[in-house]
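Observations on the three-dimensional arrangement
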Amino acid sequence: MNIEATLYGDLMEKYYRRWRVMGFTQTDSPEEFYGFHYNHVAEVHVHKQGEGDGIWFRLHDGRVFDIMGHPDEPDRLWYDKTAH
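Here we summarise the structure given alongside this text. Here the residue index of a chain counts from 1 through its sequence in written order. In view of the model being predicted, local features appear only for residues whose pLDDT reaches at least 70, and side-chain atom pairs are presented and counted only at 80 or more, with totals across whole chains, interfaces and linings using the full set of residues. Just so you know, side-chain values use all the structure's heavy atoms and leave hydrogens and water out.

This paragraph deals with the overall build of the protein. Think of it this way: any DSSP run of H or I at least four residues long counts as a helix, any run of E at least two long counts as a strand, and we number them from the N terminus. Along its length, the protein carries two helices and four strands. Beginning at the N terminus, the succession of helices and strands in the protein can be written as α-α-β-β-β-β. Computed over C-alpha atoms, the radius of gyration of the protein comes to 13 Å, within 12% of the 12 Å expected from 2.2 N^0.38 for 84 residues, which places it in the range of a compact globule. If one aligns the C-alpha atoms of the protein with their principal axes, the spans along those axes are about 40 × 30 × 20 Å. Evaluated residue by residue, the protein yields a buried proportion of 38% over its 84 residues. Here, residues are in contact when the closest pair of their heavy atoms is within 4.5 Å. The long-range fraction of contacts in the protein, counting pairs at least 24 apart against all pairs at least 6 apart in sequence, stands at 37%. Of the roughly 5,500 Å² of accessible surface on the protein, a fraction of 54% belongs to carbon and sulfur atoms. Neither His nor the chain termini are counted; the positive set is Lys and Arg, and the negative set is Asp and Glu. Where a charge sits is defined by one atom per residue type, namely NZ (Lys), CZ (Arg), CG (Asp) or CD (Glu). Taking the 9 positively charged and 15 negatively charged side chains of the protein as two groups, their mean positions are separated by 2 Å. A radius of gyration in this sense is built from C-alpha atoms; the matching globule rule multiplies 2.2 Å by the number of residues raised to 0.38. Three labels apply to residues, based on accessible area from a 1.4 Å probe with only protein chains included: buried if under 20% of the type maximum, exposed if over 50%, partly exposed otherwise in between. For accessible areas, the Shrake-Rupley method is used with a probe of radius 1.4 Å. Any residue's cover is judged against the shown protein chains and nothing else.

Aromatic rings from Phe, Tyr and Trp, taking only the six-membered ring of Trp, are treated as a pair when their centres fall within 6.5 Å; an angle between ring planes under 30 degrees marks them as stacked, one over 60 as edge-to-face, and anything in between as tilted. On inspection of all chains with the given rule, the structure shows nine aromatic pairs. Plain terms: the ring middles of Y34 and F36 are 5.8 Å apart, the flat faces sit at 45° to each other, and that makes the pair tilted. Owing to a relative accessible area of 3%, Y34 belongs among the buried residues under this scheme. Classification of F36 by relative accessible area gives buried; the value is 3%.

A word on the sheet that holds strand β1 (residues 41–48). If DSSP finds at least two bridges between two strands, the strands pair. Taken together, four strands build an open sheet; the order of strands is β1-β2-β3-β4 and the sheet is antiparallel. Every interior strand has two partners, whereas the edge strands, β1 and β4 (71–72), have only one. Of the strand pairs in this sheet, β1 and strand β2 (residues 52–59) are connected by six bridges, and their pairing is antiparallel. Looking at the pairing, H45 lines up with W56 of β2. Running over the sheet, helix α1 (residues 3–21) touches β1 and β2 and is turned about 60° from β1. As a rule, the C-alpha atoms of each element are fitted with a line to give its axis, helices using only the stretch in contact, and angles between N-to-C directions run from 0 to 180 degrees.

Structure, rendered in structure tokens:
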């Protein structure tokens, strides 16, 4: 069992439910909403330059999606380091 993958799945489920209750989606599952399975997630970023704190899913193939499932910048330089 991959504990990290399970945690990514829990995170996806939490926000999927939020978006469904708020009427942002009518999809039937987090996988359908995000367009990928939690096993495809390699890591989660929690900060992006120019945007601040948030959640971004980086997939094993290098693609990045924000918490709403929108594709985002794949360049690692944008994520997790704060600039002061």
